[in-house]
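# Per-entry structural report
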Amino acid sequence: MTIVLKTLIHDRKARPVEYHGLSTFTKHGPPRFKGGFNPKGAQLWLSEIEKIFAVDCYEEHKVTYATYMLRGEAEDWWIFALQTLPATDDVISRDALKEKFLENYFLKDLWLEKAKEFLELKQGNIIIREYASKFNELMKFQPHYKKGENDEDICTQFENGLRANIQTIVGVLHITY
């Protein structure tokens, strides 16, 4: 009996940790990405993968798991891109993948267009909830406005985009950052 238990324990240890993590990762239903010109799809894919990473995934496995979900042209792109990315201890950082991925599937011109749209965003005739949603969606195109950093600048940018009558009310309230 002792020999059987030792064998079972040994066999469990023999399976790579990546295998257990990959099956857990895929249970979350990560989307696949096939590539092509699809900036919105690329953004959505990256966003959904990031959500899963936030729940349950070792940092050193994230790039492997994310790229496991690439198919077709995107998988071909990754095979080439993999050769160009720096690795530390054979691990490619998630930020390096993200940067290279967005560089390829979310063109710089489109990124700059969205960054400009963020800076020029005004509430206009939409309700505050829709304005806030659009503001949050576009904020990711401004690296200066990272969540948890520059809170005062973020609030100022948000307030400056509100309709004049609402800006007046917000000003009277003396909201602090």
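Above this text sits the structure in question.
Predicted model, so just to flag it, every value in this text is computed and none were measured. (Residues numbered from 1 in each chain as written. Predicted model: local features only at pLDDT ≥ 70, side-chain atom pairs only at ≥ 80, totals over all residues. Heavy atoms only, no water.)

## With respect to the overall build of the chain
Within the chain one finds ten helices and zero strands. When the helices and strands of the chain are placed in sequence order, the string is α-α-α-α-α-α-α-α-α-α. Partitioning the contacts of the chain with sequence separation of at least 6, the portion at a separation of at least 24 is 60%. With an accessible surface of roughly 12300 Å², the chain has 56% of that area assigned to carbon and sulfur atoms. (Helix = DSSP H or I, 4+ residues; strand = E, 2+ residues; numbered from the N terminus. Contact = heavy atoms within 4.5 Å. Areas by Shrake-Rupley, 256 points an atom, 1.4 Å probe, with all protein chains shown as cover.)

## Here we look at the pattern of salt bridges
All chains considered together, the criterion is met by seven salt bridges. For Glu59, the salt bridge is made with Lys62, and the minimal N-O distance between the two is 3.1 Å. For Lys62, a relative accessible area of 7% puts it in the buried group. As a salt-bridge pair, Glu117 and Lys114 come within 3.8 Å of each other at their nearest N and O atoms. Taken together, the residues span about one helical turn, with Glu117 and Lys114 both in helix H7 (residues 108-119) at a distance of three residues. Because the salt bridges share partners, they merge into one network encompassing Lys114, Glu117, Lys134 and Glu137. (Salt bridge = Lys/Arg side-chain N within 4 Å of Asp/Glu carboxyl O. Buried < 20%, exposed > 50% of the residue type's maximum accessible area, 1.4 Å probe, protein only.)

## Structural notes on the packing of helix H5 (residues 72-82) against helix H6 (residues 94-105)
Here H5 crosses H6 at 125 degrees, and the two axes come no closer than 12 Å. When the axis of H5 is compared with that of H6, the two are oblique. The way H5 lies across H6 gives a crossing that is right-handed. From H5, Glu73, Ala74, Trp77, Trp78 and Ala81 reach across to H6, where they touch Leu97, Lys100, Phe101, Asn104 and Tyr105. Of the residues in the contact of H5 with H6, the class split is seven nonpolar, one polar and two charged. (Axes fitted to C-alpha atoms, helices over the stretch in contact; angles between N-to-C directions. Parallel < 35°, antiparallel > 145°, perpendicular 65-115°, else oblique. Left-handed = near helix turned anticlockwise from the far one by under 90°. Nonpolar A, V, L, I, M, F, W, Y, C, P; charged D, E, K, R; others polar.)

## Topic: the packing of aromatic side chains
One pass over the structure, following the stated rule, counts 17 aromatic pairs. An angle of 90 degrees between the planes, with centres 5.8 Å apart, marks the rings of Phe106 and Trp111 as edge-to-face. Overall, Trp111 belongs to the partly exposed group, its relative accessible area being 25%. On the numbers, 6.2 Å between centres and 50 degrees between planes, the contact of Tyr131 with Phe135 is tilted. With Tyr131 and Phe135 both in helix H8 (residues 128-139), this residue pair falls four residues apart, about one helical turn. One exposure class covers both Tyr131 and Phe135, and it is buried. Clustering of aromatic rings is evident, with ring pairs tying together Phe33, Trp45, Trp77, Trp78, Phe101 and Tyr105. One Lys or Arg, Arg71, reaches over the ring of Tyr68 and ends 5.7 Å from the middle of that ring. (Phe/Tyr/Trp six-rings, centres within 6.5 Å; stacked < 30°, edge-to-face > 60°. Lys NZ or Arg CZ within 6 Å of the ring centre and 35° of its normal.)

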